[in-house]
Amino acid sequence: MANQTDANLSVGHNLKIALFHLGSGMADVLTTGVWNRIMVADLGFSAAFVGLLTGLRYFLAPIGVIAGRYSDTHTIGGYRRLFWIWLGRAMMAISTLMLGFATAELVRRAGEQSAGPTPAALWIALIASFLLFSLGGAISGSTFLALIYDRAAEHQRGRAVGLVWTFLLLGFTIGGIFFSIMLPQDENAGAIAFSADSLLTLFIVTSVALTLIWFLSLLGEEMRRPGSAFSAAESPSSLRQDLSLVWRSRQMRFFLFYLTMSMAFAFLQDTVLEPFAAQIFGMGAHVTNRFAAYWGSMAILGSFATLLLLRRSAAFNHSSLSQAGVFVLMLGYLLFALSSLAEIRSLVTPGLILLGIGLGVWNIGTLGLMMDLSPAGRAGAFLGFWTFCVTLARGAGVAGGGIVRDLMLALSDAHTVAYGAVFCLGFLGLLAAWIALRQVRLDGANADGASDLDMAAALSHSMD
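Novice: Could you give an account of the overall build of the protein, naming the residues involved and the relevant values?
Specialist: The helix and strand tally for the protein stands at 17 helices and zero strands. The long-range share in the protein, meaning contacts at least 24 apart out of those at least 6 apart in sequence, stands at 84%. Just so you have it, the protein exposes about 17900 Å², and 67% of that area is on carbon and sulfur atoms.

Below is the structure:
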């Protein structure tokens with residue numbers, strides 16, 4: 001595949017591109033750190049309902065595979081990747097505005113004793129906003145990774161995705177602090193300690209900020225190609241052929257299992273972490289809104305440490321670091337489980353620290369493995385497929401956390417048991433993922449991963 005004309009990504013351009021995920025992190029915190037807390041803890045809606053809505057974006061992930069494959073071999077307006085990226089992010093910015101207006105109206109109605117039943121139009125607006133957000137994320141996520149693949153030389157891709165992930169974490173941290181400032185709390189204000197107007201202002205300002213970040217960070221980062229013709233070497237295989245290549249390789253099968261299991265159970269806490277602190281320990285929204293800042297700052301430190309280890313020591317690779325990250329995540333879940341079941345508030349902060357460090361190490365290792373196991377010439381298709389698996393699994397985790405919490409609450413009538421069950425399940429799921437990852441060993445340049453793919457690809461083409 002013909003890559004970006006300038007396939008040597010400088011650190012300066014890498015940092016500029018990484019700003020894109022600063023906005024992504026802020027958008028993620030807004031929906032799964034602020035909005036979910038308001039809906040569950042402040043407005044009293046079902047955690048399962050909220051988890052299904054926030055997880056909806058992950059269930060539209062198959063569209064990302066289609067966008068990635070199309071961007072491998074076609075241009076729109078002369079651009080391979082940028083059209084899809086900017087289109088998707090424009091949809092996400094618009095949906096953020098829609099979500100803000102709908103949620104502000106719910107808050108306003110909650111303060112009116114004679115408001116009556118919630119109008120169907122509000123539920124439609126909430127669902128439509130998450131559908132738009134989900135579709136936009138699907139078509140822009142995989143093509144953004146493919147753009148990084150195109151822009152960076154092979155030896156630079158680990159650093160490239162590492163810096164991008166670090167800025168995603170920085171977005172979590174900045175978002176947590178920014179949203180706490182934008183949504184001031186009044187502990188004496190009653191059930192809902194903020195106004196509908198202040199909430200709406202937060203969503204409007206965030207939508208404008210995200211639009212600017214997403215557009216400016218990638219401006220000029222893809223060369224415009226005249227026409228849409230591609231060379232014969234760039235002719236794609238069928239989607240069925242690409243997926244069959246994954247299944248023929250033992251290494252790839254274990255990696256696929258690891259990828260989906262680790263993503264699902266790492267984010268099982270996403271919907272319930274802030275409500276857990278609110279409903280068991282009585283922490284206010286001004287405290288729980290900063291959770292993302294706490295674990296996000298730790299994840300940034302973990303990410304930088306991981307990048308240094310990869311750069312300075314040949315003893316570490318993406319596989320070994322992924323294993324270390326999953327192990328630390330398991331310890332974090334164990335502390336959350338003990339904190340919930342034994343009602344030990346002092347374990348929450350150490351749990352957040354371990355969650356952050358584990359996410360930092362785990363994500364850089366896993367993103368590196370995704371790049372390592374994407375064969376040249378099919379980056380868009382394979383990164384689209386990995387992104388599809390990641391987002392679908394994360395969606396199952398986000399929604400599953402809320403469902404498990406509601407189910408166990410109905411059975412036990414105890415918040416401590418309900419939240420403790422979520423964290424215990426997360427620990428067991430991550431343990432299964434860690435065992436699977438130990439079967440994936442990449443010695444040298446994708447020893448048994450990419451080589452298996454190349455052999456399977458040759459066999460597939462010889463049979464056509």
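From this point, the narrative continues.
Novice: Describe the environment of Thr31, with residues and values.
Specialist: With respect to the helices, strands and loops of the structure, Thr31 is situated in helix H1 (residues 11-42). Judged by its relative accessible area of 4%, Thr31 is buried. Measuring from C-alpha to C-alpha, the distance between Thr31 and Leu99 comes to 9.2 Å, with 68 residues separating the pair along the chain. If sequence neighbours within four positions are ignored, Thr31 has contacts with Asn36, Thr54, Arg57, Leu99 and Phe130.

Novice: Lay out the packing of helix H6 (residues 157-182) against helix H12 (residues 291-312) with the relevant residues and their values.
Specialist: Across the interface, H6 lies against H12 with an axial gap of 7 Å and an inter-helix angle of 160°. In this view, H6 runs roughly antiparallel relative to H12, as classed from their interaxial angle. Judged by the twist between their axes, the crossing of H6 over H12 is left-handed. In this structure, H6 uses Gly158, Arg159, Gly162, Leu163, Trp165, Thr166, Leu169, Leu170, Phe172, Thr173 and Ile177 to contact H12, whose residues at the interface are Ala292, Ala293, Trp295, Gly296, Ser297, Ala299, Ile300, Ser303, Phe304 and Leu307. The class makeup of the residues in the contact of H6 with H12 is 13 nonpolar, seven polar and one charged.

Novice: I'd like to hear about unusual backbone geometry, residue by residue, with values.
Specialist: Both trends apply: most residues other than glycine have a negative phi, and most peptide bonds are in trans. Positive phi, close to 55°, is recorded for Glu343, a residue that is not glycine. Here the phi dihedral of Asp413 falls at roughly 55°; this positive angle occurs in a residue that is not glycine. Position of Asp413 among the secondary structure elements: in the loop between helix H15 (379-412) and helix H16 (415-437). Take Asp413: its relative accessible area is 69%, and that puts it in the exposed class.

What counts as what
Per-chain numbering applies: the sequence of each chain, read as written, is numbered from 1 onward. Local features in a predicted model are, by the rule used here, given only for residues with pLDDT of at least 70; side-chain atom pairs are given and counted only at 80 or more, and totals for whole chains, interfaces and linings are based on all residues. Hydrogens and water are ignored here; the side-chain numbers use all heavy atoms of the structure. Secondary structure elements follow DSSP: runs of H or I no shorter than four residues count as helices, runs of E no shorter than two count as strands, and numbering proceeds from the N terminus. Here, two residues are considered to be in contact whenever any of their heavy atoms come within 4.5 Å of each other. For every accessible area listed, the method is Shrake-Rupley and the probe measures 1.4 Å; residues are considered covered only by the protein chains on display. Exposure classes here rest on a 1.4 Å probe applied to the protein chains alone. A residue is buried below 20% of its type maximum, exposed above 50%, and partly exposed in between. Every axis corresponds to a line fitted to the C-alpha atoms, with the helix fit spanning only the stretch in contact, and the corresponding angles, defined between N-to-C directions, vary from 0 to 180 degrees. Angle categories: roughly parallel below 35 degrees, roughly antiparallel above 145, roughly perpendicular from 65 to 115, and oblique for all the rest. Two helices crossing with the near one rotated counterclockwise from the far one by less than a right angle form a left-handed crossing, whereas a clockwise rotation gives a right-handed crossing. Note on residue categories: nonpolar means Ala, Val, Leu, Ile, Met, Phe, Trp, Tyr, Cys or Pro, charged means Asp, Glu, Lys or Arg, and polar means any other residue, Gly included.

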